[in-house]
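# A look at the structure
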Amino acid sequence: MSATHATTTASAPVRDDGRHDFDFLHGRWQVRNERLRERLAGSDDWEIFPALQTCAPVLGGLGNVDAFLSDWSRAGAEDGFEGMTLRLFNPERRQWSIYWAGSHDGVLEPPVVGAYRDGVGTFEGELEHAGRPVRARFVWSGISAHTAHWHQQFSVDGGASWETNWHMWLRRCDDDGRLLHQDAVIELRRYRLHPGRRDELIELFEREFVESQEAVGMHLIGQFRDLDDPDRYTWIRGFPDHTVRRSALEGFYGGPTWKRHREAANATMLDSDDVLMLKPAWPGSGFAAARQARAAPGAADEAAQGRILAGVCALNQAGAAGFAATFEREFVPVLRAVGAELLGVYLSDDTPNKFPRLPVREDGPHLVWFARVGDAAAAARLQADPLWRARWAQAEREALREPPQWLRLAPTPRSELRA
């Protein structure tokens, strides 16, 4: 099965023989590189560096060429490293040949050859490393409209065992370098912390865990202090789909950044299992694109008057069937009448958790809504509004298993979702 699906136009069909399997790669990408410093030496010392990659089709789509630009330098080199890849498709064999060259020697290496199956591309060939013949394997996976993952493996025993020595995590970006996102799946994560350690976790999180998570395929939507619980940290991240979610979580929690800082992060936490996996309640009900770029690392923690409000509603069987429509029809107008800006409405996503190392709650279904208000007074007006209170009283009788849980959240300095 190809990584992409055939489409047709009124004039001509698009062949689905594999020639379009790399169409996803055309365009502009930010790349996070995780490269093993010493290969085939039993090392676990990884270097991390960014790059920019651009890719364009050639030969009417039977191939493509990419350019890889970085500030990273190979040992003994003065200039930043540049690389290029030539990919050519053989329609008769239905295979791709992938050739790589780097600025260190300008030599086009022998190809690795292969194809896609079930959305994963695997390509193998005979190369040389440090004067030593090796079997090389390139693997492409985690592919969506705005994400992709490549990794390289070497074998010196004919493929009986393999060492992974290079990951490239690709995120599509616009001409201004801003990442593009799809958030078909989100996680609402609420951590209970040791008393007095929230600011410690926020400082670590915003320094080390924002870009490193986004680089491998996630979207850090928002991070917050809970205004009603000084030892509660709440954050939201998004994913294009469940396959990319698994790939991204494997990449981050198995990667060097988490390994370096996990003990410090975990030391602040009492519990991190209060996690709801959610999907938009109706088309267009998810979070819109951010209004402005995220603040840079080390941004000042300015006290904002605005608030993010959220409601977590545990639905009964009757509510599961139709409460989203009821919320849109009866509750959203009240939110807007008191000056709140609706940001998103989500329902439980009961897709099996493909990364069980991080559990998610299974006590659904839930409806969760998010809104922005200008100040604490607006939040109070909403809670005191007679119509708002009456409609929730009715919902508790007819659609909810328990009273809704209200969250008053203050964005941290680097939260993309702002008040």
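As a reminder, the structure under discussion sits directly above these lines.
All values derive from a computational prediction rather than experimental measurement.

Now for the overall build of the protein chain. When helices and strands are counted, the protein chain shows 7 helices and 18 strands. In terms of overall dimensions, the protein chain is globule-like: its C-alpha atoms have a radius of gyration of 24 Å, near the 22 Å expected for 419 residues. Principal axes of the C-alpha set define a box for the protein chain whose edges measure 75 × 55 × 40 Å. Across the 419 residues in the protein chain, those meeting the buried criterion constitute 49%. Excluding contacts between residues fewer than 6 apart, the proportion of contacts in the protein chain whose partners are at least 24 apart in sequence is 63%. Accessible surface for the protein chain amounts to roughly 19700 Å². Of this, 49% is attributable to carbon and sulfur atoms. When the 50 basic and 60 acidic side-chain charges of the protein chain are each reduced to a single mean position, those positions are 3 Å apart.

Packed helix pairs are specified by the crossing angle of their axes together with the interaxial distance, meaning the distance between the axes. Their axes nearest at 11 Å, the elements helix α5 (residues 317–337) and helix α7 (residues 386–398) cross at an angle of 175 degrees. Accordingly, the angle class assigned to the pair α5 and α7 is roughly antiparallel. Residues A318, F323, F327, E330, F331, V334 and L335 of α5 form the contact with α7, whose participating residues are L387, W388, R391, W392, A395 and E398.

Here we come to the sheet that holds strand β13 (residues 232–239). Spatially, 8 strands are ordered β11-β13-β12-β18-β15-β17-β16-β14 in a closed barrel, and the strand pairing comes out antiparallel. Recorded for the sheet is a direction-independent mean angle of 35 degrees between the axes of neighbouring strands.

Turning next to the nonpolar core. Ranked by size, the top nonpolar core spans 29 residues in total, and within it F22, L25, F68, F123, W140 and L170 carry the most contacts. Breaking this core down by element, the ones donating at least two residues are β1 (27–36), β2 (46–58), β5 (95–102), β6 (112–117), β7 (120–129), β8 (132–141), β9 (147–155) and β10 (163–172). With near-sequence residues (within four places) excluded, L25 lies in contact with Q53, C55, D66, R87, W140 and L170.

Going through the model one piece at a time under the given rule, you end up with 42 aromatic pairs. With 5.3 Å between their ring centres and 75 degrees between their planes, F22 and Y116 make a pair best called edge-to-face. Here F22 is found in the segment before β1, whereas its partner Y116 is found in strand β6, with 94 residues between them in sequence. Considering the side-chain rings of W100 and W166, the 6.4 Å spacing of their centres and the 80 degrees angle between planes classify their relative orientation as edge-to-face.

With respect to the helices and strands, N64 occurs in strand β3 (residues 63–70). A distance of 2.8 Å separates polar atoms of two side chains, one belonging to N64 and the other to R87. For N64, the contacting residues outside a window of four places in its chain are F22, H26, C55, A56, P57, V58, T85, L86 and R87.

Moving on, we get to the sheet that holds β10. Strands sit in the order β1-β2-β3-β4-β5-β6-β7-β8-β9-β10 around a closed barrel of 10 strands; the barrel is antiparallel. Recorded for the sheet is a direction-independent mean angle of 25 degrees between the axes of neighbouring strands. Summarising the sheet, β7 and β8 pair through 9 bridges and their orientation is antiparallel. Note on β8: the bridge partner recorded for E124 is R137. Strand contacts of helix α4 (residues 256–266): β1 and β2, with the helix running at about 150 degrees to β2, the strand carrying the most contacts.

Bringing unusual backbone geometry into the picture now. Residue P365 is reached from G364 by a cis peptide bond, and omega for that bond is 5 degrees. Here P365 is to be found in the loop between β16 (341–348) and β17 (366–373). Although it is not a glycine, R94 adopts a positive phi angle of roughly 55 degrees. Along the polypeptide, R94 turns up in the loop between β4 (82–90) and β5. The residue D118 is not glycine, and still its phi comes out positive at about 55 degrees. With respect to the element layout, D118 can be found in the loop between β6 and β7.

So, about the pairing of β2. Here β1 pairs with β2 via 10 bridges, running antiparallel. Within β2, the residue paired with R35 across the bridge is E47. In this structure, the hairpin formed by β2 and β3 is closed by a connection of 4 residues, where L59 is found at a positive phi of approximately 55 degrees.

If you trace the backbone, S415 turns up in the segment after β18 (405–411). Apart from the residues within four sequence positions on either side, S415 is in contact with E206, I221, G222, Q223 and F224.

A few words on the pairing of β18. Where strand β12 (residues 219–226) meets β18, 3 bridges bridge the pair, whose relative direction is antiparallel. The partner of F224 across the bridge, within β18, is P411. As defined by bridge partners, strand β15 (residues 307–314) adjoins β18 across 5 bridges and the pair is classed as antiparallel. From the neighbouring strand, G311 faces β18, where its bridge partner is W406.

Procedures and definitions
- Along each chain, residue indices are assigned from 1 in the same order as the chain's sequence is written.
- Totals for whole chains, interfaces and linings use every residue, but because this is a predicted model, local features are given only for residues with pLDDT of at least 70 and side-chain atom pairs only at 80 or more, for both listing and counting.
- Side-chain measures here rest on the full set of heavy atoms in the structure, leaving out hydrogens and waters.
- Runs of H or I in DSSP of at least four residues are treated as helices and runs of E of at least two as strands, each being numbered from the N terminus.
- Here the radius of gyration uses the C-alpha set of atoms, whereas the globule reference equals 2.2 Å times the residue count to the power 0.38.
- Think of it in three bands: with a 1.4 Å probe and only protein chains considered, a residue is buried below 20% of the maximum accessible area for its type, exposed above 50%, and partly exposed in between.
- Contacts: residue pairs with any heavy atoms within 4.5 Å of one another.
- Surface accessibility follows the Shrake-Rupley procedure with a 1.4 Å probe radius. Residue values consider only the protein chains on display as shielding.
- Neither His nor the chain ends is counted toward charge; the positive residues are Lys and Arg and the negative residues Asp and Glu.
- A charge is said to be at NZ when it belongs to Lys, at CZ for Arg, at CG for Asp and at CD for Glu.
- Whenever a helix is involved, its axis is fitted only over the stretch in contact; in every case the axis is a line through C-alpha atoms, and angles between N-to-C directions fall within 0 to 180 degrees.
- Note on terminology: angles under 35 degrees are roughly parallel, angles over 145 are roughly antiparallel, angles of 65 to 115 are roughly perpendicular, and the others are oblique.
- Being paired, for any two strands, means DSSP has found at least two bridges between them.
- In this description, a nonpolar core means a group of buried Ala, Val, Leu, Ile, Met, Phe, Trp, Tyr and Cys residues linked to one another through side-chain atoms lying within 4.5 Å.
- Centre distance within 6.5 Å is the pairing criterion for rings of Phe, Tyr and Trp, where only the six-membered ring of Trp is used; planes under 30 degrees apart are then read as stacked, over 60 as edge-to-face, and the remainder as tilted.
- What qualifies as a polar contact is a pair of N or O atoms within 3.5 Å, subject to a donor-acceptor requirement within protein and to the restriction that residues adjacent in sequence count only when both atoms come from side chains.

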